[in-house]
Amino acid sequence: MTPKQRLRRLSAGLALVLAAGLGYAGWVHLTHLAVPCPFHAVTGLWCPGCGVTRMCLALLRLDISAAWQANAVLLVLLPFLGLLLAYRGVVYVRRGNVPSKRWETLAWSGLAVVLLLWGIVRNVI
């Protein structure tokens, strides 16, 4: 597959994710019905991702304060997540599916650890 074909494939995937996200945001905005967190429903505890829908909806309204209240740690991590995903997208377009570098694995692992700690801390405080 050529870089041009990989770029088209990546762009189509991103467009599909964006359309699904905007469609879900529209659905939640109109119906006030969102997918509940199964972890919270079963345990009564907040998972690291609880509040992500409210955070994304607040970001669409450019309401940073409400986004912060919904999930502060994930809001802070968004730029890092975006950079890692953008880097992986550039690598994919240029060279195809190649193994992640050590620093990438460490970065993803670090983000996972931060989210796991956030999941613990938000239930203790």
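Relevant structure appears above.
Residues numbered from 1 in each chain as written. Predicted model: local features only at pLDDT ≥ 70, side-chain atom pairs only at ≥ 80, totals over all residues. Heavy atoms only, no water.

### Brief notes about a nonpolar patch on the surface
Then comes step 1: A cluster of nonpolar side chains, namely Val113, Leu116, Leu117, Ile120, Val121, Val124 and Ile125, defines an oily patch on the protein surface of about 730 Å² accessible area.
Then comes step 2: Within the secondary structure layout, Leu116 lies in helix H6 (residues 102-124). (Patch = residues over 30% accessible without salt bridge, like charges linked within 9 Å, V, L, I, M, F, W, Y side chains within 5 Å. Areas by Shrake-Rupley, 256 points an atom, 1.4 Å probe, with all protein chains shown as cover. Salt bridge = Lys/Arg side-chain N within 4 Å of Asp/Glu carboxyl O. Helix = DSSP H or I, 4+ residues; strand = E, 2+ residues; numbered from the N terminus.)

### With respect to the pattern of salt bridges
Then comes step 1: Applying the stated criterion across every chain, the model contains two salt bridges.
Then comes step 2: Here Asp63 ties to Arg61 by a salt bridge, and the two come within 3.9 Å at their closest N and O atoms.
Then comes step 3: The shortest N-O distance in the salt bridge between Arg88 and Glu104 comes to 2.7 Å. You can see Arg88 sitting in helix H5 (residues 72-95) and its partner Glu104 sitting in helix H6, a full 16 residues away along the chain.

### What about the packing of helix H1 (residues 3-31) against helix H3 (residues 52-60)?
Then comes step 1: Put simply, H1 and H3 touch, their axes get as near as 11 Å, and they point 95 degrees apart. When the interaxial angle is binned, H1 and H3 end up roughly perpendicular. Contacts between H1 and H3 involve Leu22, Tyr24, Ala25 and Val28 from the first element and Thr53, Leu57 and Leu60 from the second.
Then comes step 2: Partitioned by chemical class, the residues of the contact of H1 with H3 number six nonpolar, one polar and no charged. (Axes fitted to C-alpha atoms, helices over the stretch in contact; angles between N-to-C directions. Parallel < 35°, antiparallel > 145°, perpendicular 65-115°, else oblique. Contact = heavy atoms within 4.5 Å. Nonpolar A, V, L, I, M, F, W, Y, C, P; charged D, E, K, R; others polar.)

### So, unusual backbone geometry
Then comes step 1: In this model, His32 sits at a positive phi of 60 degrees, which is unusual for a non-glycine residue.
Then comes step 2: The exposed category is assigned to His32, whose relative accessible area is 67%.
Then comes step 3: Phi is positive for Leu62, close to 60 degrees, though the residue is something other than glycine. (Buried < 20%, exposed > 50% of the residue type's maximum accessible area, 1.4 Å probe, protein only.)

### Considering H5
Then comes step 1: The end-to-end C-alpha separation of H5 is 35 Å, in line with the 34 Å expected for 24 residues at 1.5 Å each.
Then comes step 2: A maximum bend of about 40 degrees is found in H5 at Leu78, where proline Pro79 lies one to four positions downstream.
Then comes step 3: Taken as a whole, H5 has its buried residues at Ala72, Val73, Leu74, Leu75, Leu77, Leu81, Leu84, Gly89, Val91, Tyr92 and Val93.
Then comes step 4: Looking at the buried side of H5, the elements it contacts are H1, H3, helix H4 (64-70) and H6.
Then comes step 5: Immediately beyond the C-terminal end of H5, within one or two residues, lies Gly96, with a positive phi of roughly 85 degrees. (Expected span 1.5 Å × (residues − 1). Bend = angle between axes of the 7 residues up to and from the residue.)

### Remarks on the layout of surface pockets
Then comes step 1: By volume, the largest pocket amounts to about 710 Å³.
Then comes step 2: If you trace the largest pocket, you find 21 residues lining it, with Val17, Leu18, Gly21, Cys56 and Leu78 closest to the centre.
Then comes step 3: The set of elements that each furnish at least two residues to the lining of the largest pocket consists of H1, H3 and H5.
Then comes step 4: Looking at the lining of the largest pocket, the element that brings in the most residues is H1, giving eight residues.
Then comes step 5: Its residues assigned to classes, the lining of the largest pocket shows 18 nonpolar, three polar and no charged.
Then comes step 6: There is about 340 Å³ of room inside the second largest pocket.
Then comes step 7: Those elements that place two or more of their residues in the lining of the second largest pocket are H1, helix H2 (38-43) and H3.
Then comes step 8: Residue composition of the lining of the second largest pocket, grouped by class: 13 nonpolar, four polar and two charged. (1 Å grid on protein atoms, 1.4 Å probe; cavity = no way out; pocket = protein on both sides within 12 Å on 5 of 7 lines; lining within 4 Å. Points joined across faces, edges and corners; volume = space filled by probe spheres on them.)

So yeah, pure geometry; function would need other evidence.
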